[in-house]
Amino acid sequence: MKRSDVLVIGGGIAGLSVAARIAPHAAVTVLEAESAPGYHASGRSVAFAHYGLGETVVRTLTALSMGALAEHGGLHPALHIAAEGEIAALDALEEVHHQFGCNYTRVGPDAARGLMPVLRAEACAAALIDHGSLKLDTHAMLQSHAAALKAAGGALVTGARVSAIAHEGDVWRLTTPAGDFSAPILVNAAGAWADGIARMAGVTPVGIEPRRRTVISFAAPQDEDVSRWPFTKTVGEGFYLLPEGRGQLLASHMDQTPSDPCDAAAEELDKAIAADRVEQATTLTIRRISHSWAGLRSFAPDELPVIGAAAGAAGFIWCAGQGGAGFQTAPALSRVAAAAALGLPFPEDAAEAGLTFKTFSPARLGA
Ligand SMILES: Cc1cc2nc3c(=O)[nH]c(=O)nc-3n(C[C@H](O)[C@H](O)[C@H](O)COP(=O)(O)OP(=O)(O)OC[C@H]3O[C@@H](n4cnc5c(N)ncnc54)[C@H](O)[C@@H]3O)c2cc1C
């Protein structure tokens, strides 16, 4: 039995970022089922940070994270586009950017096309340019957390799928193919599997729903320098589109199909819908989808992260429900989760922004 002060289940961005925060204070071990960290949702994101998703809490966490994210991200504009019937949604998004003190410009269709020349007129009656959004290097983010964890004496054990959890006295005992592990504090950062981990531990699940999202990649027009194209996103149902390296573009029709926790794969219908939405809204022709993937974004019923101690299960700490914003909120959310695990005060900047432990508590979901 290998003993630690804290065990973290899950080597995605949630588990690695919280473990890196905990490591200077306590002996922490991350247990990851797969042979490498970041295999599931964290290895499948489109790696962007912006204010075009989530409600106020998620956007507040994003605002609190932007400074730290800049370390692994470069400024890249986001262009939020609205068709004729979507101006009210664009107005609401403009208000959000105003509230969060973003550097943004409201523009008409001509200026939008100046940035994104392939937009069809009917797709964009007005737009908002967010000049402060970030293209993230998510691989570097994962690696830097893993390195910080190890530098502070922590451990990341891969190939360690937790198959049984027992609570004996004050200690959690976990069974994995890489050996048995114990600690008085157990952090559940298992992404789509978080409810399953709770059940295994005899803890009430919170109702985490994994939802599949599909991304396609295709060749950009050869005569265009698409690396300068903004991250372009419809304010309503539609799609997003962004440049990838090597003359490729990525697109998603922002699907969110409920799924069991699994190794998600892109379905043909989703790929076709994504391609069709792009072709309807732009003059691009997608002759061939070069590659595609899908990942699971996991949500609590109220779509807010779940961070904090489970009722009636001493030392069981939730760190789940990061939805579609796990990277852009990680710098702030990992500090909240580390404070919850270590019994430290709530982070001051987050408190000043109006957040509390209660905002994230599993108790709000009856767990
Ligand atoms: C297509 C797509 C695009 C996205 N784009 C963005 C974006 O632009 N910006 C952004 O901020 N976010 C984005 N996201 C969301 C972001 O990727 C997630 O919020 C984040 O990765 C969730 O991290 P996680 O660590 O909770 O989950 P995961 O990365 O899934 O990690 C959970 C880990 O737990 C492990 N695990 C599960 N069960 C066990 C067990 N029994 N024992 C041991 N280990 C276990 C799994 O193997 C897994 O590695 C996107 C997501 C998708 C799918």
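Keep in mind it's a predicted model, so treat the numbers as computed, not measured.

## Considering the site of the ligand
Here comes step 1: By nearness alone, 39 residues border the ligand, and Glu32, Ser42, Val162, Gly323 and Gln328 come closest of all.
Here comes step 2: Within the contact set of the ligand, an oxygen atom lies 3.2 Å away from a backbone nitrogen or oxygen of Ile13.
Here comes step 3: Phe48 places a polar main-chain atom, nitrogen or oxygen, 2.9 Å from a nitrogen atom of the ligand.
Here comes step 4: Considered on its own, the ligand offers 1,000 Å² of accessible surface; in the complex 96% of this is hidden by protein.
Here comes step 5: Elements supplying a minimum of two residues to the shell around the ligand: helix 1 (13–22), strand 15 (209–219) and strand 20 (289–299).
Here comes step 6: No other element matches strand 20, which puts three residues into the shell around the ligand.
Here comes step 7: Across the shell around the ligand, the residue classes tally to 20 nonpolar, 13 polar and six charged.
Here comes step 8: Three or more residues apiece are contributed to the shell around the ligand by two domains, here domain 1 (2–42 + 138–208 + 302–365) and domain 2 (77–132 + 209–299).

## Re the pattern of salt bridges
Here comes step 1: Within this structure, the stated rule accounts for 15 salt bridges.
Here comes step 2: One salt bridge in this structure joins Glu34 and Arg161, with 3.5 Å as the shortest N-O distance. Highlighted residues: Glu34 in the loop between strand 3 (28–31) and strand 4 (48–49) and Arg161 in the loop between strand 10 (155–157) and strand 11 (164–168), separated in sequence by 127 residues.
Here comes step 3: Between Glu168 and Arg173 there is a salt bridge whose closest N-O contact spans 2.5 Å.
Here comes step 4: For Glu168, a relative accessible area of 42% corresponds to the partly exposed category.
Here comes step 5: You can call Arg173 partly exposed: its relative accessible area is 23%.
Here comes step 6: Among the charged side chains, a network of salt bridges with common partners joins Asp91, Glu94 and Arg106.

## Concerning the sheet that holds strand 1 (residues 2–3)
Here comes step 1: Sheet architecture is open: four strands sit in the order 1-13-12-11, paired in mixed fashion. Two strands in the sheet have a free side with no partner beyond their single neighbour: strand 1 and strand 11.
Here comes step 2: The pairing of strand 12 (residues 171–176) with strand 13 (residues 179–183) spans five bridges and is antiparallel. Following the sheet pairing, Arg173 is matched in strand 13 by Ser182.

## A short note on the nonpolar core
Here comes step 1: Formed by 47 residues in total, the largest nonpolar core has its most connected members in Val8, Ile22, Val187 and Phe360.
Here comes step 2: Sequence-distant contacts of Val8, that is, excluding residues within four places in its chain, are made with Gly15, Val18, Ala19, Val28, Thr29, Val30, Leu31, Val187 and Ala189.

## Quick notes on empty space enclosed by the protein
Here comes step 1: For the structure on display, the rule yields one cavity of 30 Å³ or more.
Here comes step 2: Estimated volume of the largest cavity: approximately 50 Å³.
Here comes step 3: Together, Ile13, Ala14, Ser17, Cys319, Gln322, Gly326, Ala330, Leu333 and Ser334 line the largest cavity.
Here comes step 4: Listed by contribution, the elements that provide at least two residues to the lining of the largest cavity are helix 1 and helix 8 (330–342).

## Comments concerning the packing of helix 2 (residues 56–69) against helix 8
Here comes step 1: Between helix 2 and helix 8, the shortest axis-to-axis distance is 6 Å and the interhelical angle comes to 110°. If you check the angle between helix 2 and helix 8, you find them roughly perpendicular. Where helix 2 approaches helix 8, its residues Leu61, Leu64, Ser65, Ala68 and Leu69 are matched on the opposing element by Ala330, Pro331, Ala332, Leu333 and Arg335.
Here comes step 2: Of the residues belonging to the contact of helix 2 with helix 8, the class tally is eight nonpolar, one polar and one charged.

## As for helix 5 (residues 138–151)
Here comes step 1: Over its 14 residues, helix 5 extends 20 Å from the first C-alpha to the last, a length consistent with the 20 Å expected when each residue adds 1.5 Å.
Here comes step 2: Buried within helix 5 are the following residues: Thr138, Met141, Leu142, His145, Ala146 and Leu149. Buried residues of helix 5 fall within an arc of 130° about the axis and therefore sit on the same side. Turned more than 90 degrees away from the buried face of helix 5 sit His139 and Ala151, all of them exposed.
Here comes step 3: In this fold, the buried residues of helix 5 make contact with helix 1, strand 3, helix 2, strand 9 (134–136) and strand 10.
Here comes step 4: The backbone nitrogen of His139 has a side-chain oxygen 3.4 Å away, supplied by the residue at the start of helix 5, namely Asp137.
Here comes step 5: Residue Gly153 follows helix 5 closely and has a positive phi angle near 95°.

## Notes on the sheet that holds strand 9
Here comes step 1: Reading across from one edge, 4-9-5 is the order of the three strands in this open sheet, with antiparallel pairing throughout. Here the strands that pair on one side only, and so sit at the sheet edges, are strand 4 and strand 5 (73–75).
Here comes step 2: Alignment of strand 5 against strand 9, held across three bridges, turns out to be antiparallel. Residue pairing for strand 9: Gly73 is matched across the bridge by Leu136.
Here comes step 3: Sitting on the sheet, helix 2 is in contact with strand 4, strand 5 and strand 9, with an inclination near 65° to strand 9.

## Considering the domain arrangement of the protein chain
Here comes step 1: According to the domain assignment, the protein chain contains domain 1 (2–42 + 138–208 + 302–365) and domain 2 (77–132 + 209–299).
Here comes step 2: Taking only C-alpha atoms, the centre of domain 1 and the centre of domain 2 are 31 Å apart.
Here comes step 3: With 13 residues of domain 1 at the interface, the matching set in domain 2 holds 10 residues.
Here comes step 4: The contact between domain 1 and domain 2 buries some 970 Å² in all, and 57% of this surface belongs to carbon and sulfur atoms.
Here comes step 5: Three residues, Ala192, Ile208 and Glu303, lead the burial of domain 1 against domain 2; their summed loss comes to 43% of the area buried on that side.
Here comes step 6: At the boundary of domain 1 with domain 2, the tally comes to one salt bridge.

About the criteria used
- Residues numbered from 1 in each chain as written.
- Predicted model: local features only at pLDDT ≥ 70, side-chain atom pairs only at ≥ 80, totals over all residues.
- Heavy atoms only, no water.
- Near = heavy atom within 4 Å.
- Polar contact = N/O pair within 3.5 Å; in protein donor to acceptor, adjacent residues only side chain to side chain.
- Areas by Shrake-Rupley, 256 points an atom, 1.4 Å probe, with all protein chains shown as cover.
- Helix = DSSP H or I, 4+ residues; strand = E, 2+ residues; numbered from the N terminus.
- Nonpolar A, V, L, I, M, F, W, Y, C, P; charged D, E, K, R; others polar.
- Domains from an automatic or database assignment.
- Salt bridge = Lys/Arg side-chain N within 4 Å of Asp/Glu carboxyl O.
- Buried < 20%, exposed > 50% of the residue type's maximum accessible area, 1.4 Å probe, protein only.
- Pairing = 2+ DSSP bridges.
- Core = buried A, V, L, I, M, F, W, Y, C linked by side-chain atoms within 4.5 Å.
- Contact = heavy atoms within 4.5 Å.
- 1 Å grid on protein atoms, 1.4 Å probe; cavity = no way out; pocket = protein on both sides within 12 Å on 5 of 7 lines; lining within 4 Å.
- Points joined across faces, edges and corners; volume = space filled by probe spheres on them.
- Axes fitted to C-alpha atoms, helices over the stretch in contact; angles between N-to-C directions.
- Parallel < 35°, antiparallel > 145°, perpendicular 65-115°, else oblique.
- Expected span 1.5 Å × (residues − 1).
- Arc of directions from axis to C-beta.
- Buried area = accessible area lost by both parts, 1.4 Å probe.

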